[in-house]
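# Fold and geometry: a report
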Amino acid sequence: MRTSSDSERGLVELARRVLPGGGFGNVAHETIIASGRGGRVWDVSGNEYVDYLLGSGPMLVGHAHPEVVEVIQQQVAKGTTFFANNALGIQLAAEITAAVPCAEKVRFVSTGSEADLYAMRIARAFTKRDKILKFEGGYHGMSDYGLMSLAPKRTANFPRPIADSAGIPSSVRDEMLVAPFNDLETVASLVREHARELAGIIVEPFQRLIAPRPGFLEGLREITSRNGLLLIFDEVVTGFRFAYGGAQSYYGVTPDLCTLGKAIGGGFPLAAVTGRADVMAHFDKSAVSEDAFVTQIGTLSGNPVAAAAGLKTLEILKRPGAYERIFQTGRALMEGYSEILRRARRKARVIGEAPLFDIVFTDREVRDYRSAQGDEATMKRCNALLRERGILKGESKYYVSLAHTEEDVAFTLDAFASAMDALDTAT
Ligand SMILES: Cc1ncc(COP(=O)(O)O)c(C=O)c1O
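As a starting point, this report considers the structure included with it.

Definitions and cut-offs
- Residues numbered from 1 in each chain as written.
- Predicted model: local features only at pLDDT ≥ 70, side-chain atom pairs only at ≥ 80, totals over all residues.
- Heavy atoms only, no water.
- Near = heavy atom within 4 Å.
- Polar contact = N/O pair within 3.5 Å; in protein donor to acceptor, adjacent residues only side chain to side chain.
- Areas by Shrake-Rupley, 256 points an atom, 1.4 Å probe, with all protein chains shown as cover.
- Helix = DSSP H or I, 4+ residues; strand = E, 2+ residues; numbered from the N terminus.
- Nonpolar A, V, L, I, M, F, W, Y, C, P; charged D, E, K, R; others polar.
- Patch = residues over 30% accessible without salt bridge, like charges linked within 9 Å, V, L, I, M, F, W, Y side chains within 5 Å.
- Salt bridge = Lys/Arg side-chain N within 4 Å of Asp/Glu carboxyl O.
- Buried < 20%, exposed > 50% of the residue type's maximum accessible area, 1.4 Å probe, protein only.
- Disulfide = S-S within 2.5 Å.
- Pairing = 2+ DSSP bridges.
- Axes fitted to C-alpha atoms, helices over the stretch in contact; angles between N-to-C directions.
- Contact = heavy atoms within 4.5 Å.

Further remarks concern the site of the ligand. Around the ligand sit T111, G112, S113, D116, Y139, G141, E204, R208, D234, V236, V237 and K262, and those are all the residues in its vicinity. Between the ligand and S113 there is a distance of 2.8 Å, counted from an oxygen atom to a backbone nitrogen or oxygen. D234 is positioned with one of its side-chain polar atoms (N or O) 2.8 Å from a nitrogen atom of the ligand. Taking 390 Å² as the accessible area of the ligand by itself, protein coverage stands at 82%. Ranked by residues supplied to the shell around the ligand, first place goes to helix α4 (residues 112-127) with three residues. The residue inventory of the shell around the ligand, partitioned by class, reads three nonpolar, four polar and five charged.

A separate point is a nonpolar patch on the surface. A grouping of L11, L14 and V18 is seen on the molecular surface, where their side chains present a nonpolar patch of about 250 Å² in accessible area. Looking at where L14 falls in the secondary structure, it is placed in helix α1 (residues 6-18). Note on L14: relative accessible area 38%, which makes it partly exposed.

In this section: the pattern of salt bridges. For the coordinates displayed, the defined rule picks out 22 salt bridges. As a salt-bridge pair, R276 and D278 come within 2.8 Å of each other at their nearest N and O atoms. The partly exposed category is assigned to R276, whose relative accessible area is 25%. Residue E339 pairs with R342 through a salt bridge whose shortest N-O separation is 2.8 Å. Here E339 pairs with R342, and both are found in helix α10 (residues 322-343), just three residues apart, close to one helical turn. A single salt-bridge network, built from bridges that share partners, covers E67, K312, E315 and R319.

For residues other than glycine, phi is negative in most cases, and the peptide bonds are mostly trans. Residues F158 and P159 are joined by a peptide bond in cis, for which omega reads 5°. The residue P159 is located in the loop between β5 (131-135) and β6 (176-179) in this model. Non-glycine residue F83 carries a positive phi angle of around 70°. Mapped onto the elements of the fold, F83 is located in the loop between α2 (66-78) and α3 (87-99). If you check the backbone angles, K262 has positive phi at about 40° while not being a glycine. Turning to its location among the elements, K262 is positioned in the loop between β9 (257-260) and β10 (271-275). On the basis of relative accessibility, which here comes to 23%, the residue K262 falls in the partly exposed class.

Here we come to the state of the cysteines. For the coordinates displayed, the defined rule picks out zero disulfides. The structure places no disulfide on C102, whose sulfur is separated from the nearest cysteine sulfur, that of C258, by 3.9 Å. Residue class for C258 comes out buried when judged on its relative accessible area of 0%.

Paired through their backbone hydrogen bonds, the strands of a sheet run either parallel or antiparallel. Within the open sheet, the seven strands sit side by side as β4-β10-β9-β8-β7-β5-β6. Their pairing is mixed. Each end of this open sheet is capped by a strand with a single partner; those strands are β4 (105-109) and β6. Geometrically, the sheet is characterised by an average inter-axis angle of 20° between neighbouring strands, direction not taken into account. Relative to β10, β4 is paired through five bridges, and the arrangement is antiparallel. What sits directly across from K105, in β10, is G275. Set on the sheet, α4 makes contact with β4, β5, β6, β7 (198-203), β8 (230-235), β9 and β10; between it and β8 the angle comes to about 175°.

Turning to the sheet that holds strand β11 (residues 349-353), a few remarks are in order. Reading across from one edge, β11-β12-β14 is the order of the three strands in this open sheet, with antiparallel pairing throughout. Of all strands in the sheet, those with a lone pairing partner are β11 and β14 (398-399), marking the two edges. Bridging between strand β12 (residues 356-360) and β14 involves two bridges; their strand directions are antiparallel. Note on β14: the bridge partner recorded for F357 is Y398. Set on the sheet, α10 makes contact with β11, β12 and β14; between it and β11 the angle comes to about 165°.

And the structure:
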């Protein structure tokens, strides 16, 4: 069982004094991570965890992969950022265009939030229309536009969005339309009604943990093409994770634009907007008229250390057997969890795809944001019990890495079975 040292308690106390809410705003604040290697991390008290948080996804080949560490160290010694073009960033862009079906040109930024913001902006510049349709529960970063109906606490009638944060001008709500995920009929009728105002549809092809129903992504492709709208896949999570070509190659539907992040930066701040050359041309002053140009600069864009880490991460993922292994590990966990839940007679479902899954404590079929709302209190208790037993994960999502071993899987299933036994008595 987890122990907490004086030094960890001291840091938690210091964090409470200097950070709002005592943390960086991401995950539970009482665990302070000191190091990671492969599929495991250690906190400052010395507790070891099998890590399914994976830094919220970037560490797809595992923490401190020796080959990634080597290239980072080489680059750090040569200088860490230049603002000017650098060879590693150019090579990473070339690798992305070779791998991702929609990617003809690449513009680097530092975070997924920025990538989504610019993808929506460039869609508006290309179509000369203002509105974007997104899906309830879909995550597209922290911009004013992205933070519409990500996690609404109350329900509104579609397509009216609900802002997820204070501080967002109310006028932004008028520029976004919201539809239920996996519901083509609603999308089709909204597009019929708003076709002349809509610049595009942004969607996580695999929304949080919800897989697209057969035909859903194909339907979005068809509706957007027919109406002259752009289809934007947010592949910040799924890019290079579901397949080397991302969810678009896994599900076989090619969007006009996609955003990438997490894995392509190998653990450093690097993300990208990529897509059709004629749309991406709006980032090029010499290719479009002055009023069609999308201004975009960023101090760390294409940073060479991040590009080195990203390139090496992609090289490792491209090796024969890498995805088979990630999928095998994920499937073993998902099947093991389902069996334990069945034996415990829990009203719960294991949902997702092998590289990215979780449990939802519900007996309903999960197809969209509303049906994905399970018993949150039980979920919280379950996650806390798992942390006590040496399993680290976020509130929702198990990220599976190439570095997780069979031993990690066996350890995790034992911990989960024990957590399920303890669940009813836990406070
Ligand atoms: C689908 C999706 N889009 C965008 C983002 C935002 O990325 P970042 O945290 O790098 O800004 C995230 C982050 O988790 C994400 O999951």
